[in-house]
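Fold and geometry: a report
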Amino acid sequence: MEHRFTRQELYDRVWSKPMSHIVSELGTTTGVLGTLLRRAGIPTPPAGYWMRKDFGKPVVQQPLPPTPAECTEPLLLDTGRPRAMRRPRLTEGTATPKADPVPKPDIPAQLIEVPVPMPALIKPRPTQPTTITRDDLYSSVWTTPMIRLAEQFGISGNGLAKICDREKIPYPPRGYWAKLAVGRAPAQPALPESGGAHAIIIRPTPLPPPPIDLPPEVQQLVDKARASEPAIDVSERLLRPHGVIAAWLAEHEEKKQRARRERDPWSRSLYDPGEFTQNDRRKHRILDALFKAIERHGGRVKQGDRRQLFAEVLGEKVEFQVREKQKQERRPPTADEKRWRSPDDNRWKQELVATGRLVFEIKTWQWPGGLRRQWVESDKLAMEDMLPDILTTFVAAGPLLVQQRKDREAAERERQIAEQRRYEEQRRRKRDANRWRCFKEMAQDWHELATVRDFLVTLRSMNVDQSAEIDGRSIEQWIAWAEDWLTRADPTTEGVDGIFRRIGDINDWTYHD
């Protein structure tokens, strides 16, 4: 099968997906495709490019160079043409086979079908943890290269090596597979004994969130900022520095003068801040250029009471930090440290060492998802080249942070309304419960009063002397007194409307128990 491409089409395809995916789609080999790319002068992603891109690390895409003179378009890739087999290479001491003097009869040529292996299906990156035994992981690392095996688990090669170190599983050293290809691989060490049989759970590394699709009005602001600031010039010297940088320099100079006024050497060394390093001066120049660029696009850069840096973009605060990247290094202990070293201590000390590379990091907690938070300079990309990207991120963050604040305020209003509704519903239920309680109490009182009424009727029917006095009252007056209390205690005296009028006066605070 014949495929036709332009240089631009093949370049876009090579930088859009890994080479193994393209080879599987076209049904060819990496060697054939690589030869075509070299003849056409098309650059290819370096080793580890896709792994770094998957983990959100900065990558650099090489531009398409001009067309070579010997290259003609369209580019043809014939995947159905049979490839010639290489002649076996003769090693030293092997005699060249001589021609057979006996003539051979003419044999008609026959076509031999060579089975072409089907391209392997690309397995999707796992999203769930993988459980594997220690013996199976040991067998896997000695049959599959660490990088390819780590991709099956959704982690990096270094991550798989750390798991093997933790579980005391030996794995192939660097260069093992190249030596194995020529028959010079070192011996495979045996799997050491483990403290107990347990399963190893390998959890895939979560991928960074995909870049968000900016709203049209935000995208216009970003395009305008990118067009007006394609590159931010960082001056070699600080001339008229930004107010924040000028405050740093003035504070540093004041500390130096205070140290000079001290007569005590110990106090002088305590107050002396020392000279700025080359990296400090470079950081001042970079921040000076960035601060002025942010303010040219409507922002304001300030320093807080705790010396934290933040930029105000459309009224929203974006806190950030610029620091020097550090790494851990091992060093031999000093003579004094050896004196106080216990037998169980390591024979080395681990400490943080400055690398000379700057890191720009956004510290704001509620940062729009999908926007980049960190920029780390490398050997291929300096911090000065990242300033336009940092500027456009600040420009895009302003409207998004405003929208996030409005969404939070709307959500808070809805929460308060829902809370008020829940509170009113709770009061209504409490009020209804109290009214029902009052209604039952009235019914219970009415039932008890019926017994009292029968008792009073029985007393009237008894043959007694009505004029007899008890405590200053006659029997007839005592009966009248009981009838009066019976009338006042009867809830039905005021009628149905009177009963429910009393119930309507009940609220949620009537009963406090």
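Keep in mind that this is a model prediction, so the values were computed, not measured. (Residues numbered from 1 in each chain as written. Predicted model: local features only at pLDDT ≥ 70, side-chain atom pairs only at ≥ 80, totals over all residues. Heavy atoms only, no water.)

**As for empty space enclosed by the protein**
Under the defined criterion, the tally for this structure stands at 1 cavity of 30 Å³ or more. As for the largest cavity, its lining consists of Lys283, Ile286, Leu287, Val322, Leu358, Phe360 and Met383. Within the residue set of the lining of the largest cavity, elements represented by two or more residues are α12 (278-296) and β8 (349-362). Taken together, the residues that form the lining of the largest cavity break down as 6 nonpolar, no polar and 1 charged. (1 Å grid on protein atoms, 1.4 Å probe; cavity = no way out; pocket = protein on both sides within 12 Å on 5 of 7 lines; lining within 4 Å. Points joined across faces, edges and corners; volume = space filled by probe spheres on them. Helix = DSSP H or I, 4+ residues; strand = E, 2+ residues; numbered from the N terminus. Nonpolar A, V, L, I, M, F, W, Y, C, P; charged D, E, K, R; others polar.)

**Comments concerning helix α7 (residues 157-166)**
Of all the positions in α7, only Gly157, Leu160, Ala161, Ile163 and Cys164 are classed as buried. With its buried residues spanning 160 degrees around the axis, α7 presents them on a single face. Within α7, the exposed residues directed more than 90 degrees away from the buried face are Asn158, Lys162 and Arg166. Packing partners of the buried residues in α7 comprise α5 (134-141), α6 (146-153) and β4 (200-202). (Buried < 20%, exposed > 50% of the residue type's maximum accessible area, 1.4 Å probe, protein only. Arc of directions from axis to C-beta. Contact = heavy atoms within 4.5 Å.)

**Here's the deal with the nonpolar core**
Counting 35 residues, the largest nonpolar core has Phe291, Phe320, Phe360, Ile362, Ile390 and Phe394 as the members making the most contacts within it. Put simply, the parts of the chain that give this core at least two residues each are α10 (243-261), α12, β6 (309-313), β7 (316-331), β8 and α14 (383-461). Residue contributions to this core peak at 10 residues, all from α14. Residues contacting Phe360, with those up to four places away along its chain left out, are Leu290, Phe320, Gln321, Val322, Arg373, Gln374, Trp375, Met383, Ile390 and Phe394. (Core = buried A, V, L, I, M, F, W, Y, C linked by side-chain atoms within 4.5 Å.)

**What about the packing of helix α9 (residues 216-228) against α14?**
Helix packing for two helices is described by the angle between their axes and how far apart those axes are. One can describe the packing of α9 onto α14 by two numbers: an axis separation of 9 Å at closest approach and a directional angle of 155 degrees. By the angle class used here, α9 and α14 are roughly antiparallel. You can see that α9 and α14 cross each other, and the crossing is right-handed. Facing α9, whose interface residues are Val218, Leu221, Val222, Ala225 and Arg226, α14 presents Thr392, Val395, Ala396 and Pro399. Classifying every residue of the contact of α9 with α14 by side-chain character gives 7 nonpolar, 1 polar and 1 charged. (Axes fitted to C-alpha atoms, helices over the stretch in contact; angles between N-to-C directions. Parallel < 35°, antiparallel > 145°, perpendicular 65-115°, else oblique. Left-handed = near helix turned anticlockwise from the far one by under 90°.)

**Describing the packing of α14 against helix α15 (residues 475-489)**
Packing of α14 against α15 brings their axes to within 11 Å, and their N-to-C directions diverge by 160 degrees. In terms of their interaxial angle, α14 and α15 are classed as roughly antiparallel. Considering the relative orientation of α14 and α15, their crossing is left-handed. Packed against α14, whose contacting residues are Leu449, Val452, Arg453, Leu456 and Arg460, the element α15 presents Ile479, Ala482, Glu483, Leu486 and Ala489 at the interface.

**What about the environment of Ile212?**
Mapping Ile212 onto the fold places it in the loop between β4 and α9. Residues Ile212 and Gly370 lie 158 residues apart in sequence; the distance between their C-alpha atoms is 5.1 Å. The contacts of Ile212, once residues within four sequence positions are left out, are Gly369, Gly370, Leu371 and Leu400.

**Notes on the side chain of Glu377**
Relative to the elements of secondary structure, Glu377 occurs in the loop between β9 (374-376) and α14. Within the structure, the side chain of Glu377 is placed 2.7 Å from the side chain of Arg282, a separation counted as a polar contact. Looking at Glu377, its side chain comes within polar contact range of the main-chain nitrogen of Met383, at 2.8 Å. (Polar contact = N/O pair within 3.5 Å; in protein donor to acceptor, adjacent residues only side chain to side chain.)

**Digging into the pairing of β6**
Burial runs high along β6: 4 of the 5 residues are buried. Sheet topology places strand β5 (residues 300-303) next to β6; 4 bridges connect them, and they run antiparallel. For Lys302, the partnering residue across the bridge sits in β6 and is Phe310. Two successive antiparallel strands, β5 and β6, enclose a turn made up of 5 residues, where Arg307 displays a positive phi of approximately 65 degrees. Sheet topology note: the β6/β7 ladder contains 5 bridges and is antiparallel. Counted as the bridge partner of Phe310 is Glu319 from β7. Adjacent in sequence and paired antiparallel, β6 and β7 are bridged by 2 residues, among which Leu314 carries a positive phi angle near 55 degrees. (Pairing = 2+ DSSP bridges.)

**What to know about helix α16 (residues 495-504)**
All of the buried residues in α16 are Gly498, Ile499 and Ile503. Viewed along the axis of α16, the buried residues span an arc of 140 degrees, placing them on a single side of the element.

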